[in-house]
Amino acid sequence: TQLLEQSPQFLSIQEGENLTVYCNSSSVFSSLQWYRQEPGEGPVLLVTVVTGGEVKKLKRLTFQFGDARKDSSLHITAAQPGDTGLYLCAGASGGEPGTASKLTFGTGTRLQVTL
Amino acid sequence: GAVVSQHPSRVICKSGTSVKIECRSLDFQATTMFWYRQFPKQSLMLMATSNEGSKATYEQGVEKDKFLINHASLTLSTLTVTSAHPEDSSFYICSARDMAVSTDTQYFGPGTRLTVL
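Calculation notes
Residues numbered from 1 in each chain as written. Chains lettered and ligands numbered in written order. Predicted model: local features only at pLDDT ≥ 70, side-chain atom pairs only at ≥ 80, totals over all residues. Heavy atoms only, no water. Contact = heavy atoms within 4.5 Å. Buried area = accessible area lost by both parts, 1.4 Å probe. Salt bridge = Lys/Arg side-chain N within 4 Å of Asp/Glu carboxyl O. Polar contact = N/O pair within 3.5 Å; in protein donor to acceptor, adjacent residues only side chain to side chain. Helix = DSSP H or I, 4+ residues; strand = E, 2+ residues; numbered from the N terminus. Buried < 20%, exposed > 50% of the residue type's maximum accessible area, 1.4 Å probe, protein only. Pairing = 2+ DSSP bridges. Axes fitted to C-alpha atoms, helices over the stretch in contact; angles between N-to-C directions.

## Concerning the interface of chain B and chain A
Consideration 1: With 20 residues of chain B at the contact, the number on the chain A side is 22 residues.
Consideration 2: For the chain B face of the interface with chain A, the top three residues by lost area are B:S43, B:D104 and B:F108, together amounting to 33%.
Consideration 3: Linking chain B with chain A are 1 salt bridge, by the criterion used here.
Consideration 4: Where B:E59 meets A:K102, a salt bridge forms, and the shortest distance between an N and an O atom there is 2.9 Å.
Consideration 5: Across the contact surface, chain B and chain A share 6 residue pairs in polar contact (both at pLDDT 80 or more).
Consideration 6: Secondary structure elements with two or more residues in the side of chain B that touches chain A: β4 (32-38), β5 (45-51) and β9 (90-96) of chain B.
Consideration 7: For the side of chain B that touches chain A, the leading source of residues is β4(B), giving 4 residues.

Structure, rendered in structure tokens:
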């Protein structure tokens with residue numbers, strides 16, 4: 001069974017602070033995705049990283065995929081209240097040839113940004 | 001683009017009844033859709049992979065006779081929770097892969113909150 005551990009589980013910070021969320025596994029993934037989920041809604045895709053060592057930036061968010069494609073990090077600069085939500089990483093792994101890859105979701109990091 | 005809808009958004013039913021949840025890809029075709037369950041303050045757990053025109057593939061521990069999945073077209077998959085019980089109360093989320101895109105990206109629906117009394 002593939003497991004994706006996220007840390008920290010909970011994070012409460014003030015507006016303007018920086019933070020990093022980690023997503024770790026002992027398994028190798030073909031790609032890794034980061035989502036943000038608001039209460040009562042489905043996850044919204046933030047980014048997909050595919051290549052080991054890849055770094056992607058999305059405004060104040062920086063995503064990195066580990067060289068071995070087993071782990072990833074999400075760094076938020078100058079957090080804002082609008083960043084509040086549940087952040088989920090998800091690793092994709094292929095099944096049988098010709099079948100769609102399945103996503104294994106991380107344990108989640110709940111972020112609260114206060115004024 | 002890449003919008004997935006679910007209906008209903010929330011449903012309350014009595015114990016022992018069956019509930020059907022629809023998942024539609026609105027602007028793309030999806031040969032594969034996925035059904036997840038999310039309990040409060042927990043992450044998403046994959047229940048099954050829904051394949052258009054063939055039987056669904058269920059994850060270990062998920063009862064296929066209780067959670068019936070039908071994927072009759074390239075834009076619609078349904079999940080029927082049969083003989084629902086209070087422990088089936090959860091947030092059910094579907095996702096779909098765009099068959100025209102060769103990545104692992106899944107687009108998620110807004111979820112369905114099921115409450116079984």
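There's more to say after this.
## Here we look at the side chain of A:S72
Consideration 1: Relative to the elements of secondary structure, A:S72 occurs in strand β8 (residues 71-76).
Consideration 2: Beyond its immediate stretch of four places on either side in the chain, A:S72 contacts A:V21, A:Y22, A:C23, A:L32, A:W34, A:Q64 and A:F65.

## As for the pairing of strand β8 (residues 76-81) of chain B
Residue and element names in this part refer to chain B.
Consideration 1: Of all 6 residues making up β8, 6 are buried, and the element is well covered by its neighbours.
Consideration 2: Neither face of β8 is left uncovered, since the one carrying L76, T78 and T80 and the one carrying S77, L79 and V81 both have all their residues buried.
Consideration 3: Strand direction decides the pairing type here: strand β3 (residues 19-25) and β8, joined by 6 bridges, are antiparallel. Bridging from a neighbouring strand, E22 pairs with T78 of β8.
Consideration 4: Here strand β7 (residues 67-73) pairs with β8 via 5 bridges, running antiparallel. Residue N70 lies in a different strand from β8, and its bridge partner there is T78.

## Observations concerning the sheet that holds β8(A)
Residues and elements named next belong to chain A.
Consideration 1: Ordered in space as β1-β3-β8-β7-β6, the 5 strands form an open sheet in which the pairing is antiparallel. Single-partner strands in this sheet number two, and they are β1 (5-7) and β6 (55-58). Each adjacent strand pair in this sheet contributes to an overall mean axis angle of 15°, direction not counted.
Consideration 2: Pairing analysis gives 6 bridges linking strand β3 (residues 19-24) to β8, with the strands arranged antiparallel. Its bridge partner lying in β8, C23 is registered against S72.

## Description of the sheet that holds strand β1 (residues 4-7) of chain B
All names here are of chain B.
Consideration 1: Read from one edge to the other, the open sheet built from 4 strands follows the order β1-β3-β8-β7, with strand pairing classed as antiparallel. At either margin of the open sheet sits one strand with a lone partner, and together these are β1 and β7. Within this sheet the neighbouring strands show an average axis-to-axis angle of 15°, counted without direction.
Consideration 2: The pairing of β1 with β3 spans 4 bridges and is classified as antiparallel. Bridge pairing links Q6 to C23 in β3.

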